[in-house]
Amino acid sequence: MTTTRKIDGASSGVPKWPVAVALAAAVLLALVPLVVTDSFTLQVLLLAIMFGALGACWNLVGGFLGRISFGHAVFVGVGGYTTLLLLHHLKLTPLLGIPLGGLISAALAWLVGGPTLRLSGHYFAMATIALLQIGLLLMINWDWAGGAVGLEAPIGDAAWMLLFRSKVPYYWIAVGLAFLTFCATYFLVHSKTGFYWRAINGDEAASRSLGVPADRYKMLAFVMSAGMTGVWGGFFAMYVGFIDPESMFSLTMSVQVVLVAILGGVGTLIGPWLGAAVLLPLSEGTRVLWGSSGLGLDLLIFGLAILLVTLFLPGGLVTLGRRRGSARR
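So, how was this worked out
Here the residue index of a chain counts from 1 through its sequence in written order. In view of the model being predicted, local features appear only for residues whose pLDDT reaches at least 70, and side-chain atom pairs are presented and counted only at 80 or more, with totals across whole chains, interfaces and linings using the full set of residues. Only hydrogens and water are set aside when side-chain values are computed; all heavy atoms of the structure are taken into account. We define the nonpolar core as a collection of buried residues of types Ala, Val, Leu, Ile, Met, Phe, Trp, Tyr and Cys that are connected through side-chain atoms lying within 4.5 Å of one another. Only protein chains enter the accessibility calculation, which uses a 1.4 Å probe. A residue is then buried if its area is under 20% of the maximum for its type, exposed if over 50%, and partly exposed in between. The numbering of helices and of strands both runs from the N terminus, where a helix is a DSSP run of H or I of at least 4 residues and a strand a run of E of at least 2. Contacts are assigned to residue pairs with any non-hydrogen atoms lying within 4.5 Å of each other. Each polar contact in these results corresponds to two N or O atoms within 3.5 Å; when the atoms are within protein, one needs to be able to donate a hydrogen and the other to accept it, and residues that are neighboring in sequence are counted only if both atoms are side-chain atoms. Every case where a carboxyl oxygen of Asp or Glu lies within 4 Å of a side-chain nitrogen of Lys or Arg is listed as a salt bridge.

Attention now moves to the nonpolar core. One finds Phe51, Tyr81, Trp232 and Phe249 to be the most contacted residues of the largest nonpolar core, which totals 97 residues. Per-element tally for this core: the top contributor is helix α4 (residues 39-65), with 16 residues. For Phe51, the contacting residues outside a window of four places in its chain are Met253, Gln256, Val257, Val260, Ala276 and Leu280.

See the structure below:
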C-alpha cells in the first residue's frame, strides 16, 4: 500500500516544463513553411516528424516494456486502410476515419496480444513479424480493399475530407499530431502505468511477486502503442494519397521505426525524435542523391551511420549530452 501511494503521488507531481518545451518546438516547426517553400525539404521534415512519432509509439512496447516488435507496420496498415476504405465506400470524412483506424488497430492488438505477449525475446519479435506477413497476405487477396493494386484517395481540395493540393496543410497536421503524441507518451511514462512498465521490463517475475498485474499492463502498452500507430497510419494514407499492401504492411517500415528509436535511445522520451531527426534526412537525402545510380550508396551510408552510433553510443544519441556533461565535470 505504501508503494502505491508513493507512485500515485509521484504521478500527480509530473513536471510540466517538457510539455512547454514540446509546445514551443511545435510552434517553431509550424512556422517553417512560412520561410521554407521547397517541397522536398517540407516532405523530409514531415517524414522525420512522422517517424519520430511512430518511434515514440513503438517505444512504449519496445523501450519501456522491453518487448521488441518488428511488426508494428501492421498497425500502420490497418489505420491507413481503415481510413481510405471508409472514405471510398461510405464517404466518411478522415476526421472520423483516422480515429476509427486507431481504435481498430487497438482492437487488433488486444485480440493478438493475449498469446503473443506471453512470449519474450526473439520469440515475441518473430510473432510480430508473422502478424505483419499475415496482414500483408490478407490485404493482397482482399479484392474489396483493392487487392494488390491498392487504393487511391480522391483528388480534391476539401479541408473536411483532409484533401489538399498543397503539402503544407498536411505538414501542419503532422506537427499537431506529433505534439499530442509526445504529450500522451510523456504522461503515460510518468504515471503509475509507466512505472509498472519499467518494473516489468527490469524483472517481470520480481514485479509480479510485488503485486504488479503484469499481464494487464503489458496488454495496455501494446494496445496504446497500436492505437496511436494506427492514427498515424490513417494520416499517412491521406498524405501520400495512394496505398497498397506492399507499402503499408512493409517490414522495411517496421525496421525503420525500430532503428529510429535505437539510434536516438530506446527507453527515453526524446530518443525516437532525435533518431528520426538524424535518420530520415540522411536516408532521404542520400536516396535522392545516389539512389538513381543503382549502386546502393544511400543504403551503405544509412547502415554505416547506424553502425557508428551502435559502436560508440550504445545508449543512442540521447547519451551525447550526458557524456559531454560528465566530461566537463
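Attention shifts here to unusual backbone geometry. The backbone of Lys91 sits at a positive phi, close to 55°, despite the residue not being glycine. Topologically, Lys91 is positioned in the loop between α5 (73-90) and α6 (94-116). Judged by relative accessible area, Lys91 falls into the exposed class, the value being 62%. Even without a glycine there, the phi angle at Leu162 is positive, about 55°. In this structure, Leu162 sits in the loop between β1 (151-152) and α8 (168-189). For Leu162, a relative accessible area of 8% corresponds to the buried category.

This paragraph deals with the side chain of Thr128. Relative to the helices and strands, Thr128 is located in helix α7 (residues 122-140). The class for Thr128 is buried, based on a relative accessible area of 4%. In this structure the side chain of Thr128 is engaged in a polar contact, spanning 3.5 Å, whose partner is the backbone nitrogen of Gly71. Ignoring sequence-local partners within four residues, the contact set of Thr128 consists of Ile68, Ser69, Phe70 and Gly71.

Before going further, it helps to examine the pattern of salt bridges. Note that side chains of opposite charge can pair when their charged atoms are close. Using the criterion set out here, one finds five salt bridges in the structure. When the shortest N-O distance is used, the salt bridge between Asp215 and Arg208 registers 2.6 Å. Using a relative accessible area of 37% as the deciding quantity, one classes Arg208 as partly exposed. Taking the shortest distance from any N to any O, the salt bridge between Asp215 and Lys218 comes out at 4.0 Å. Separated by three residues within a single helix, Asp215 and Lys218 lie in helix α11 (residues 214-240), roughly one turn from each other. Looking at Lys218, the relative accessible area reads 4%, which means it is buried. When salt bridges that share partners are traced, they join Arg67, Glu204, Arg208, Asp215 and Lys218 into one network.

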